[in-house]
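Overview (structure and organization)
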Amino acid sequence: MELKLKDLRYLVAVADQRHFGRAAARCCVSQPTLSAQLKKLEDNLGVQLIERAPNNVSLTAVGEQIVARARRIIAASEEVVALAASQRDPLAGRLRVALLPTIGPYLLPHVMRALRKALPRLELRLYEQQTAPMLEKLHAGELDLGILALPVELAGLESRELYREAFVVALPEKHRLAARAALRPADLEGEKLLLLEEGHCLRDQALEVCGHTAVAEGEEFRATSLETLRQMVAAGAGVTLLPELASRGAYSGARGVDVRPFARPAPVRHVGAVWRRSSARRTAIEAVIRVIAEHAQ
C-alpha cells in the first residue's frame, strides 16, 4: 500500500491531542474527513491504531509504535523541504526555536531586535520547553534549535556555549543579608531555600550551588516559574537563587525583593544552543546563535 504523509499527520495530531475535533482543527480539516481518513488507514494496514470510546481517545499498542515512526517520517520529509529551501536562501524560511522557561522571558528582550535586524527573512517560531521534552522534540525533528543550560546528553546532537550567566540571591526586603554587598553560599546557612518544581534544571543547579551549605529546602512549596518564586520571596517565605538576566531590566525593581550578587568567583550556569547534527538548517542556526551570543549580555 502507499502511505500518505497527510494520513500520518492526522494520526500524529490525534496522538498529540487525544481528541478528534482538536486534531482536525490542528490539521485544518473537518472532523469527519480526519476520522474517515484514519479509518481508511487502519483498513489498509489491517490493524487498529486508535481506541475510540465516548470522551476518550487513545492509541493501541501498535498505534503507539506506528506514531513513533510516523513522527520520524514527517520530520524527514520536512528536512527534505528545508534542505531545498536552504539551498535557495539559507537565511529565509521558518526556524523552530525552543527556550527554557527560565531563559526565554529574560533573554529574548535582549536579542529579538538584533535577530530581526540581522535576519529579516527568517521566521522564528518560539516555544517554551523544559530540557527533557526539548531534547525529545529536537531528536524527533519537531524543533530546529534549543536554547538551554549545558551540559546535556548529546547523542546525535551538537552544542555550543552562548554565554555564562551568574546566579544572584533574591532576599526578602530588609533581610539580614541585604546589608552585604556580596554573598557567599555559606552565608545562606539556616535560610529556607525556595525552588522550582521537579523537571526544571535550574532547581538542580540551585541545589548544587548550595550543596555544601546547611540550607533548608522549602518542602511545602514548589514553584512553576521564577516569577512565582520572586513573589514568594517578597512575601517573606524564604530566599531563592535567580539567573542574573532575571534580575535585570524590567525585573530589577521587583517590590519587596532585594537582590545581591555572589562574591567572586560567582557560581554560573552555562547557557548554550543544541541542534541535530543532520539538520538542513545549519546556516540559519549558526546565524541565530551568533547573534544571541553577541547580544545576550
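Residues numbered from 1 in each chain as written. Predicted model: local features only at pLDDT ≥ 70, side-chain atom pairs only at ≥ 80, totals over all residues. Heavy atoms only, no water.

Turning our attention to the overall build of the chain. Each helix and strand in the chain was counted, giving 9 helices and 11 strands. Looking at the chain residue by residue over its 297 residues, the buried ones come to 45%. Of the contacts formed within the chain by residues at least 6 apart in sequence, a portion of 75% connects residues at least 24 apart. A total of about 15,200 Å² of accessible surface is found on the chain, and carbon and sulfur atoms cover 51% of it. (Helix = DSSP H or I, 4+ residues; strand = E, 2+ residues; numbered from the N terminus. Buried < 20%, exposed > 50% of the residue type's maximum accessible area, 1.4 Å probe, protein only. Contact = heavy atoms within 4.5 Å. Areas by Shrake-Rupley, 256 points an atom, 1.4 Å probe, with all protein chains shown as cover.)

Helix length check: helix 3 (residues 31-45), at 15 residues, gives a terminal C-alpha distance of 21 Å against a target of 21 Å (1.5 Å per residue), a fit within 8%. If you check which residues of helix 3 are buried, you get L34, Q37, L38, L41 and E42. For helix 3, the buried positions fall inside an angular range of 140 degrees around the axis, keeping them on one side. What points out from helix 3, more than 90 degrees from its buried face, is the exposed set P32 and D43. Contacts from the buried residues of helix 3 go to helix 1 (5-17), helix 2 (20-27) and strand 1 (50-53). (Expected span 1.5 Å × (residues − 1). Arc of directions from axis to C-beta.)

Another aspect to go through is the confidence of the model for the chain. Per-residue pLDDT for the chain averages 90, and the proportion of residues at 70 or more is 97%. Element-level pLDDT for the chain is lowest in strand 8 (residues 216-223), with a mean of 69, against a maximum mean of 96 in strand 5 (residues 145-150). (pLDDT = per-residue confidence, 0-100.)

Relative to each other, helix 5 (residues 104-118) and helix 9 (residues 282-295) sit at 130 degrees, their axes nearing to 9 Å. When the interaxial angle is binned, helix 5 and helix 9 end up oblique. As helix 5 runs across helix 9, the sense of the crossing is right-handed. In this structure, helix 5 contributes L107, H110, V111, A114, L115 and A118 to the contact, and helix 9 contributes V288, V291, I292 and H295. (Axes fitted to C-alpha atoms, helices over the stretch in contact; angles between N-to-C directions. Parallel < 35°, antiparallel > 145°, perpendicular 65-115°, else oblique. Left-handed = near helix turned anticlockwise from the far one by under 90°.)

With that settled, consider a nonpolar patch on the surface. Judged by side-chain polarity, M1, L3, L45, V47 and V62 come together as a nonpolar surface patch covering roughly 390 Å² of accessible area. Its place among the elements puts L45 in helix 3. (Patch = residues over 30% accessible without salt bridge, like charges linked within 9 Å, V, L, I, M, F, W, Y side chains within 5 Å. Salt bridge = Lys/Arg side-chain N within 4 Å of Asp/Glu carboxyl O.)

The next subject is the pattern of salt bridges. Under the definition given, this model contains 24 salt bridges. With a closest N to O distance of 3.4 Å, R71 and E142 form a salt bridge. Placement of the pair is R71 in helix 4 (residues 61-88) and E142 in the loop between helix 6 (131-139) and strand 5, with a sequence separation of 71 residues. A relative accessible area of 22% means that R71 is categorised as partly exposed. Relative accessible area serves as the criterion here: at 28%, E142 is assigned to the partly exposed category. Residue K137 is joined to E142 by a salt bridge in which the shortest nitrogen-to-oxygen separation is 3.3 Å.

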